[in-house]
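Fold and contact review
Listed below, chain by chain, are the residues.
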Amino acid sequence: MIFAVIGALFFAFVPNFILALVIYWFDRYEKEPKILLGAAFIWGAIVAAGGAFILNTVFGVSVFLVTGSEGASNLLSAVVSAPIVEESLKGFAVLLVFLVFRKEFDSILDGIVYAAVTALGFAATENFLYIYEKGYLASGWEGFWLLVFVRVVVVAWQHPFYTSFTGIGLAIARLNRKTWVKIIAPIGGLFVAMSAHAIHNLSASLGVVLLCLAQSIVDWIGWLAMFGFILYLVYREKKWLTIYLQEEIQLGTITQRQFQVASSWFGQIGARFSAVTSGKYGATDKFYQLCGELAHKKRQLATLGEERGNSRIIASLRQELRNLSSRTI
């Protein structure tokens, strides 16, 4: 049994941690703080997963006491309680970043990153329970490996996909001046997350093989579409760097070569790699991170105005870049 517990923990957490690293990799030009992403993952794994387990259990027991039907309890828990409770608890972590660490919430891609990492933490804990309880305890090692395949491969991206809509909604609100958008966008994002979650759970709960297969195909189409959207967002951020850093060459904030490196992901990788051998990694890494932050702040100044002192922040970033310029690759 101890090997089953260890195996379940491994296949629950390691793959999801790797997927979180994939998400982090996509955030190329202005990466989010590792400590915040780590906190988001932990929130998903402990707070959101633990809270969801309690609330979903209470809901299921209440339905059973009212209806006397275990089937009704399971179906309503999966289709009603789980989407509402789980997406709310996961989304709350993204909302905290949005409210408390607002300066780190610079783009739609940031919203997706925080949402996806939180959801992967949640999925890790949920996968452990599925693999161990519904897999090993229910059907031995055969059930164990079946659930590993289902949770790690077949539905690997389901929770990040759902919760990404909440992150997108909050990001749209963050980057828009209109009050009605700031209200509607987060609510709409959360509603889409809950709805997509509910549709998936309904198909799975009905237990019809062809329906489950069709739902899996729809899931993967949705995930691939989100992947394409992320690639577009990465391309758009590259374009922003090219536009907003061009002026910094004339101002003497950065050199022409630094501009070319900053606006190229491969260029940044090469610069950081070279900096490792020259002892300049820390300064180089921070320099190109600040380039990304400066481009975002200049865009926010252009689209949102002063907001919370954007001009002051831009001036501070420029000075930091000038101070670091001679110590970078």
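Bear in mind the structure is a predicted one, so any value in this text is a computation, not a measurement. (Residues numbered from 1 in each chain as written. Predicted model: local features only at pLDDT ≥ 70, side-chain atom pairs only at ≥ 80, totals over all residues. Heavy atoms only, no water.)

**Considerations on the overall build of the protein**
Along the protein, the regular secondary structure elements total 11 helices and 0 strands. Along the chain direction, N to C, the helices and strands of the protein fall in the order α-α-α-α-α-α-α-α-α-α-α. Seen along its three principal axes, the alpha-carbon backbone of the protein occupies a region of about 75 × 50 × 30 Å. Per-residue burial over the protein gives 49% buried out of 329 residues. (Helix = DSSP H or I, 4+ residues; strand = E, 2+ residues; numbered from the N terminus. Buried < 20%, exposed > 50% of the residue type's maximum accessible area, 1.4 Å probe, protein only.)

**What about the packing of aromatic side chains?**
The final tally for this structure, using the stated rule, is 21 aromatic pairs. Ring geometry for F11 against F144: centres 6.3 Å apart, planes inclined by 75 degrees, an arrangement best described as edge-to-face. Remark: F144 occurs in helix α4 (residues 108-154) and F11 occurs in helix α1 (residues 2-26); sequence separation between them is 133 residues. With a relative accessible area of 22%, F11 lands in the partly exposed category. Their ring planes at 25 degrees and their centres at 6.4 Å tell us that F229 and Y232 sit as a pair that is stacked. Residue F229 and its partner Y232 are both found in helix α7 (residues 209-251); the two are separated by 3 residues, about one turn of the helix. On the accessibility criterion, F229 (29% relative accessible area) is partly exposed. Members of the aromatic cluster, joined through ring pairs, are F10, F11, F128, Y132, Y136, W141, F144 and W145. The ring of F98 has R102 lying over it, and the distance from NZ or CZ to the ring centre is 5.3 Å. (Phe/Tyr/Trp six-rings, centres within 6.5 Å; stacked < 30°, edge-to-face > 60°. Lys NZ or Arg CZ within 6 Å of the ring centre and 35° of its normal.)

**Concerning empty space enclosed by the protein**
For the structure shown, the criterion picks out 2 cavities of 30 Å³ or more. The computed volume of the largest cavity comes to approximately 40 Å³. In this structure, the largest cavity is lined by F11, P15, N16, L19, N127, R151, V152 and A156. Those elements that place two or more of their residues in the lining of the largest cavity are α1 and α4. Per element, the largest residue contribution to the lining of the largest cavity is 4 residues, and it comes from α1. Grouping the constituent residues of the lining of the largest cavity by class yields 5 nonpolar, 2 polar and 1 charged. Of the pockets and cavities examined, the second largest cavity occupies roughly 30 Å³. Where the lining of the second largest cavity is concerned, the elements lending two or more residues are α4 and α5 (158-174). (1 Å grid on protein atoms, 1.4 Å probe; cavity = no way out; pocket = protein on both sides within 12 Å on 5 of 7 lines; lining within 4 Å. Points joined across faces, edges and corners; volume = space filled by probe spheres on them. Nonpolar A, V, L, I, M, F, W, Y, C, P; charged D, E, K, R; others polar.)

**Digging into the packing of helix α3 (residues 70-100) against α5**
Their axes nearest at 10 Å, the elements α3 and α5 cross at an angle of 35 degrees. Once α3 is placed against α5, the crossing between them reads as right-handed. Across the interface between the two elements, E86, E87, K90, G91, V94, L95 and F98 of α3 pack against H159, Y162, T163, T166, G167, L170 and R174 of α5. For the contact of α3 with α5, the per-class residue count stands at 5 nonpolar, 5 polar and 4 charged. (Axes fitted to C-alpha atoms, helices over the stretch in contact; angles between N-to-C directions. Left-handed = near helix turned anticlockwise from the far one by under 90°. Contact = heavy atoms within 4.5 Å.)

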